[in-house]
Amino acid sequence: METAMLRWGSVGFPVWAVKTTQPADWGTLVALVIFIVASMWIGWLANKAMQKSSFMQGFFLGNRGLGAWALALTATVQSGGTFMGFPSLVYSHGWVVALWICSYMVVPITGFGILGKRLAQLSRRTGAITVPDLFRARFNSPMLGLLASLLIMFYMSFMMVAQFKAGAVVMKHSWPGAGSREMAEDVPMYKLSTSGFEKLADRGVSDEVVVQLRPLEDRGFDAEKDLRAEVGKLLGEEGLKKYGDAVVGAAEQLDWQYLVGLGVFTLTVVSYTLLGGFLAAVWTDLFQSVLMLLGVLLLLVLVVTASGGPEHATQMAVERLGPTYAQGPGYDPTGTGRMFMPVSLAFSFFWVWVYSGVGSPAGMVRIMAGKGTEVIRKSIYLLAGYNLLIYLPLVVICICGRALIPDLPAGKTDSIIPELSIKTTSHLPGGSIIAGLILAAPFGAVMATVSSYLVVIASGLVRDVYQRFINPTAGTHELRRLSYLTMIGIGVIAILANIRPVAYLQVIVVFSGTGAAATFCMPAIMLAYWRRATVAGMVSAMLSGAGTMVVLYILGSRGFGSQTIGAASAFRPFYLLGVDPLLWGLLVSAVTGVIVSLLTTPPPAETITKLFDAELPAKKVPA
Amino acid sequence: MGRYTGGWLLIRMPDMSNEREDPALQSARREAWVVFAIWLLAMTYTIGYCSRYGYGREASDLKFVLGFPDWVFFGIVCPWVFCSVISLWFGATYMQDEDLGEELPEQEDELGLGG
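Given the structure is predicted, the values throughout are model-derived calculations rather than measurements. (Residues numbered from 1 in each chain as written. Chains lettered and ligands numbered in written order. Predicted model: local features only at pLDDT ≥ 70, side-chain atom pairs only at ≥ 80, totals over all residues.)

Caption draft 1: A look at the overall build of chain A. Across its full length, chain A holds 25 helices and two strands. Counting every position in chain A, which comprises 623 residues, the buried fraction comes to 59%. Residue pairs at least 24 apart in sequence account for 82% of intrachain contacts in chain A once pairs closer than 6 positions are excluded. (Helix = DSSP H or I, 4+ residues; strand = E, 2+ residues; numbered from the N terminus. Buried ≥ 20, exposed ≤ 12 C-beta atoms within 10 Å, placed from the backbone. Contact = placed C-beta atoms within 7 Å.)

Caption draft 2: Molecular detail of the interface of chain A and chain B. Taken residue by residue, the interface counts 67 residues in chain A and 68 residues in chain B. Counting residues per element, the side of chain A that touches chain B draws most heavily on helix α18 (residues 373-404) of chain A, at 10 residues. Residues belonging to the side of chain A that touches chain B are distributed by class as follows: 37 nonpolar, 17 polar and 13 charged. (Nonpolar A, V, L, I, M, F, W, Y, C, P; charged D, E, K, R; others polar.)

Caption draft 3: Representation of unusual backbone geometry. For N140 of chain A, which is not glycine, the phi dihedral falls at a positive 50°. By C-beta crowding, N140 of chain A is classed as partly exposed, having 19 other C-beta atoms within 10 Å. The residue L66 of chain B is not glycine, and still its phi comes out positive at about 50°.

Caption draft 4: Structural context of the packing of helix α15 (residues 310-321) of chain A against α18 of chain A. All names here are of chain A. At a closest axis distance of 8 Å, the pairing of α15 and α18 adopts a crossing angle of 50°. On the basis of their axis angle, the class for α15 and α18 is oblique. For α15 against α18, the interelement crossing comes out left-handed. Contacts from P310, H312, A313, T314, M316 and A317 in α15 reach V396, I399, C400, R402 and A403 in α18. Each residue belonging to the contact of α15 with α18 can be placed in one class, and the counts come to eight nonpolar, two polar and one charged. (Axes fitted to C-alpha atoms, helices over the stretch in contact; angles between N-to-C directions. Parallel < 35°, antiparallel > 145°, perpendicular 65-115°, else oblique. Left-handed = near helix turned anticlockwise from the far one by under 90°.)

Caption draft 5: Region of interest: the environment of L41 of chain B. Residue position: L41 of chain B is located in helix α1 (residues 23-53). For the pair L41 of chain B and R30 of chain B, spaced 11 residues apart in sequence, the C-alpha to C-alpha distance is 17 Å.

Caption draft 6: Representation of the nonpolar core. All names here are of chain A. In terms of nonpolar packing, the biggest core is built from 214 residues, with A98, V395, C521 and M538 touching the most fellow members. If you tally residues by element for this core, the top one is helix α14 (residues 256-307), at 23 residues. Contacts of V395, omitting those with residues within four sequence positions, involve V90, V97 and A98. (Core = buried A, V, L, I, M, F, W, Y, C linked by C-beta atoms within 7 Å.)

Caption draft 7: Main features of the confidence of the model for chain A. Residues and elements named next belong to chain A. On average, residues of chain A score 82 in pLDDT, and 88% of them are at 70 or above. Element-level pLDDT for chain A is lowest in helix α1 (residues 2-8), with a mean of 29, against a maximum mean of 97 in helix α24 (residues 581-599). Between residues 1-24, whose pLDDT stays under 50, and residues either more than four places distant or in other chains, the model counts 37 contacts. For the stretch residues 619-623, pLDDT sits under 50, and the model shows zero contacts to residues farther than four places along the chain or on other chains. (pLDDT = per-residue confidence, 0-100.)

Caption draft 8: Here's a closer look at helix α23 (residues 535-557) of chain A. Along its 23 residues, α23 of chain A runs 33 Å from first to last C-alpha, staying within 8% of the 33 Å computed at 1.5 Å per residue. At the exit of α23 of chain A stands G559 of chain A, carrying a positive phi of roughly 95°. (Expected span 1.5 Å × (residues − 1).)

Caption draft 9: Spotlight on the packing of α1 of chain B against helix α2 (residues 70-94) of chain B. Residue and element names in this part refer to chain B. Closest axis-to-axis distance for the α1/α2 pair is 8 Å, and the angle between their directions is 170°. Taken together, the axis directions place α1 and α2 in an arrangement best described as roughly antiparallel. Of the residues in α2, those touching α1 at I38, A42, Y45, T46, Y49, C50 and Y53 are W71, F74, G75, I76, P79, C83 and I86.

Here it is in structure tokens:
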């Protein structure tokens, strides 16, 4: 220990050769079990807390009792993917990824400051407990409420199904001896890892053919046809016919460990969400957010010390990879001339993160659940501090990671944080458990995200569809039973969908996240501040925002526009003028909403007065 | 308080009087404009600075400040710290607390507006 501390004191030089990678052993699995037990306990606590009020408001809105910490750390950080895919991007492309993420400097103030106070007020004045409830009551239109609910459920379903898959894969890889430590949402369906090549030999494929297939090592494929096409290029038509099935079988990522992981993950997350509803989702989110912060700060100290600091690490990377690693548009690991971050995309991302936060239905509902304006105010600076302490340190960690682990192959960059955790803690007492806790935090993030989506989708079906349109007189007992059945049903569907996941799921997830923002951001702003907004204006704003995104994705997938920026996938958007489709979605949604509202009959004055004007003071009764 | 009868070109706001506008709405709108301005300034500075100094540099030109490449330090780290301070100011002093009003009971039909 003393030796280690002496070495730690010498920041600035490459002083410490890190030990060889060691397996995660039982540490990760123990940490995951701790997480699962803690989540169930949180669900039980939330169950106690929500019994103080009516079922619907307690289960779906936590009795509007969220405090500042809970609101700050859970309303805008929505996906475990923020922490899972992001480190891989920094490792792969270099410092320019700081530009990709930097709009998080204003996300706290925009996320709470643009709509927070007004949403909190309107939801109280209307008694709304869901976002569609709010649209319905503000515009006195059940049809608008139903449309909002259907659109939210559409977007959330894609995002949630992908999160189930991520949770299952993390569980699979946490198994001792699994040999892989990838922690990404973007998990390929087919990949020939080291164990895959061993399977090939077991299936009778000759050594000569295995050598020919080596270029495929660790390359991920979303669809079987893509893998077969690559095998065909390497082995020819005859070879493909002879060995195609064996290669596909060996590359298949969905084995029994995946299925067990999927089952355990689903059972856990559905159980604690059933127990504690909205509060359980928020509190597990808070729990993982705090753990994530502690993990990142600990890792920052360990990695910076071990690598000799970010300046030294950058200089080493620039010597090996060239100057693009330290500047825009970023290093291109494929060597095919792709630009990770041209200025137009950097500009786009200053919109994407900000307005995805403002327009996220799951974020809006959490703001509605805040105790009051004091909580919203405090959340702004608490989250500002949190973002400052977590995102820039993550960039520094991964830049330094390049010096410690310079040659992670393209298919394995998602494992940079797990690899660094294990390398830098292996010499510490209890290092395996410390590494396990750092590794388990993204698992917690995935669980929290799934439970949050479960609550929103169940509230959409039970509150916005069943209670509003099918049985308005449904009693508490019936609503409770229906909510539980809905969540269990969603869990079953998620399992079925993930046994054979659709291809290109990750790009669909990106489409869903930005699509939801393009659909709801402008309508929500008009709902809050514009008296003249009408039902027709809102419907057209929602549909035109969503439609713009769909059209740009269809055009992109058909080969329109530059193929050198953005995701390298068959399902991709058309970057019109080089900017992200979300910007066009927001623009079209705003213009359409304003024009159609002005062309249609204004809303009734009494509706507007109740929601926009001060309540008249009650007349004093003489004593 | 009658129906809107104007043609589509006549962009006027009948019945949209805001003489009695809710103070919470007024403060929320004012704060939203301030936030919008902060976002716009942060974006203009960061994207402007980084596009000028963060692209097309020679490796030999690269300078470091506190371990960060100079363009990252001045274009991203400094404004990030500044925005965090602004967020503290905004949340702690500028944004006003408001009475959000009594909550409508859940089982009641919202505002008596039907549906």
